[in-house]
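Below are the chains, spelled out letter by letter.
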Amino acid sequence: MTASLAGSFDELNQQLSAYSAHADQSASEPSPSQTNTAIPSAQSKWILSPTLDYLLGCGGLVWLLFGFHYFVLSGTTHGPTAASLLTLSSLGAIFLGEGHTAATLVHTYRSADLRQRFAAYTKWLPLFFGALAAAGTLVPGIAPILVKLYLLIVPHHFMAQSYGIARVYCLKQNYLLEDDERRALILVTWCTTIFAVIRQLTPVEASSPFLSQMILEWAILPAVCATVAQLVLLSAIIMFVAVISLRAIKERRTFPLPALMTMTTGIAAFTLIQPANGIYWLYVSAFFHATQYFLTVLASHWNEQKITSCKQRLQSLITNSPTTRMLGMVLLVSVFIYFGIPRLLESVGLNYTLAMASIFTTMNMHHAAIDGVLWKLRRRQVRQAISQ
């Protein structure tokens, strides 16, 4: 859940999600200062449960898969075990990675209130991105540009969501961020984003194609800019660690582990070096970014259905219930958008890879934009959804 890269620190502080934004100024919603209000201890400290939150919301599963693949298998892609992991990665990308984008559409368009409240994002913005997708499919050379723009948006979308989920865990565990902690957390988020973007705008070694498109090299900045950005990011991380450590010593109150783990997993996605980074990205998009998004959407859905206990929530995932029907709809929408439409366009003579790349990138750009207004901690509905 995200805001634009040029947005202010204060706007980012209001967001639940990471890779774009405009604030909803409704008078019925609380002021930004109210987003730091503690959640009553009677309510859950977890979105689903400690184990599932650590695995799917904080990045635990990613670290387990990455650690085994990189350290035990030495990063190889050969052999039956590696092949099984690559299959798992592919299935995660299809059903979770692409599914979480479809989940935004299902969550938004099934609500008349959300469609009306965010009309600019549900009516006009889809027309703009639809036109871009058509251009990318029909005009050679546009799809690689869309891919490059998408890759430049990803760091902010990814990190803003990590920041938002970390704030959720702070709220849920009654850890009220002090001003210096909040500023340090925001600074780390921004420095990671800026470093990842700058690195893509400096001379780099040849990279592998993405979505069957060669990644354009927009080397508009000297290599030293990436080095400086990296040093600034390191300084920001040290500052953040110092701030939370000082509070832990003074108040004997430690920064919530789920929040710290969430930020660490997000930062690692843009700071690990090759070949570790390549292995890490086999899992982090589907089993961290997408799964934590699903947890948030499900939390909102469970709140609507007044499903509050962990047992009831788990049962709703394995029985014929409104939850499974919603997830089924998400799967159908995902398959139709990412597989059905490109194949339909191919059947009438258009290039499948151009159509797939154009649809994937524009759908994710729309997802990033609408998330920025849909999931904001200062929206009363969002706080109620994640506090149950």
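Before going into details, it helps to say that this report is about the structure given with it. (Residues numbered from 1 in each chain as written. Predicted model: local features only at pLDDT ≥ 70, side-chain atom pairs only at ≥ 80, totals over all residues. Heavy atoms only, no water.)

This part covers the overall build of the chain. In terms of regular secondary structure, the chain is built from 16 helices and zero strands. For the chain, with 388 residues in total, the buried portion stands at 50%. Summing over all exposed atoms, the chain offers an accessible surface of approximately 17,200 Å²; the carbon and sulfur share of this is 67%. (Helix = DSSP H or I, 4+ residues; strand = E, 2+ residues; numbered from the N terminus. Buried < 20%, exposed > 50% of the residue type's maximum accessible area, 1.4 Å probe, protein only. Areas by Shrake-Rupley, 256 points an atom, 1.4 Å probe, with all protein chains shown as cover.)

Taking 1.5 Å per residue, 22 residues should reach 32 Å; helix 8 (residues 179–200) reaches 32 Å between its end C-alpha atoms and fits that length. Of all the 22 residues making up helix 8, 16 are buried; the element is thus mostly covered by neighbouring parts of the structure. (Expected span 1.5 Å × (residues − 1).)

This part is about the packing of helix 6 (residues 119–138) against helix 15 (residues 352–374). For the pair helix 6 and helix 15, the least separation of the axes is 8 Å and the interaxial angle reads 160°. Put simply, helix 6 runs roughly antiparallel to helix 15. In the packing of helix 6 onto helix 15, the handedness of the crossing is right-handed. Each of Tyr121, Thr122, Leu125, Pro126, Phe129, Leu132, Ala133, Gly136 and Thr137 in helix 6 lies in contact with helix 15, whose residues at this interface are Leu354, Ala355, Ser358, Thr362, Met365, His366, Ala369, Ile370 and Val373. For the contact of helix 6 with helix 15, a count of residues per class yields twelve nonpolar, six polar and no charged. (Axes fitted to C-alpha atoms, helices over the stretch in contact; angles between N-to-C directions. Parallel < 35°, antiparallel > 145°, perpendicular 65-115°, else oblique. Left-handed = near helix turned anticlockwise from the far one by under 90°. Contact = heavy atoms within 4.5 Å. Nonpolar A, V, L, I, M, F, W, Y, C, P; charged D, E, K, R; others polar.)

So, on to helix 9 (residues 223–251). With 29 residues, helix 9 ought to run about 42 Å at 1.5 Å a step, and its terminal C-alpha atoms sit 43 Å apart, in line with that. Restricting attention to buried positions, one finds in helix 9 the residues Ala226, Ala229, Leu233, Ala236, Phe240, Val243, Ile244 and Arg247. Looking at the buried side of helix 9, the elements it contacts are helix 8 and helix 10 (257–271). Following helix 9 by one or two positions, arginine 252 has its phi on the positive side, about 55°.

Contact pair helix 3 (residues 60–72) / helix 12 (residues 284–304): the axes reach a minimum separation of 8 Å and the direction vectors enclose 170°. The angle between helix 3 and helix 12 falls in the class roughly antiparallel. Where helix 3 abuts helix 12, its residues Leu61, Val62 and Leu65 lie against Val284, Phe287 and Phe288. Grouping the amino acids of the contact of helix 3 with helix 12 by side-chain chemistry returns six nonpolar, no polar and no charged.

Applying the stated rule across the entire model yields six salt bridges. Across the pair arginine 117 and aspartate 113 runs a salt bridge whose closest N-O atoms are separated by 3.9 Å. With arginine 117 and aspartate 113 both in helix 5 (residues 112–117) and four residues apart, the pair spans about one turn of that helix. Looking at aspartate 113, the relative accessible area reads 43%, which means it is partly exposed. Put simply, arginine 182 and aspartate 179 hold a salt bridge, and the shortest N to O gap is 3.8 Å. With arginine 182 and aspartate 179 both in helix 8 and three residues apart, this pair spans about one turn of that helix. Residue classification places arginine 182 among the buried positions, given a relative accessible area of 18%. The class of aspartate 179 is partly exposed, set by a relative accessible area of 46%. Here the salt bridges share partners, and the residues they tie into one network are Glu178, Glu181, Arg247 and Glu251. (Salt bridge = Lys/Arg side-chain N within 4 Å of Asp/Glu carboxyl O.)

Just distances and angles here, no functional claims.
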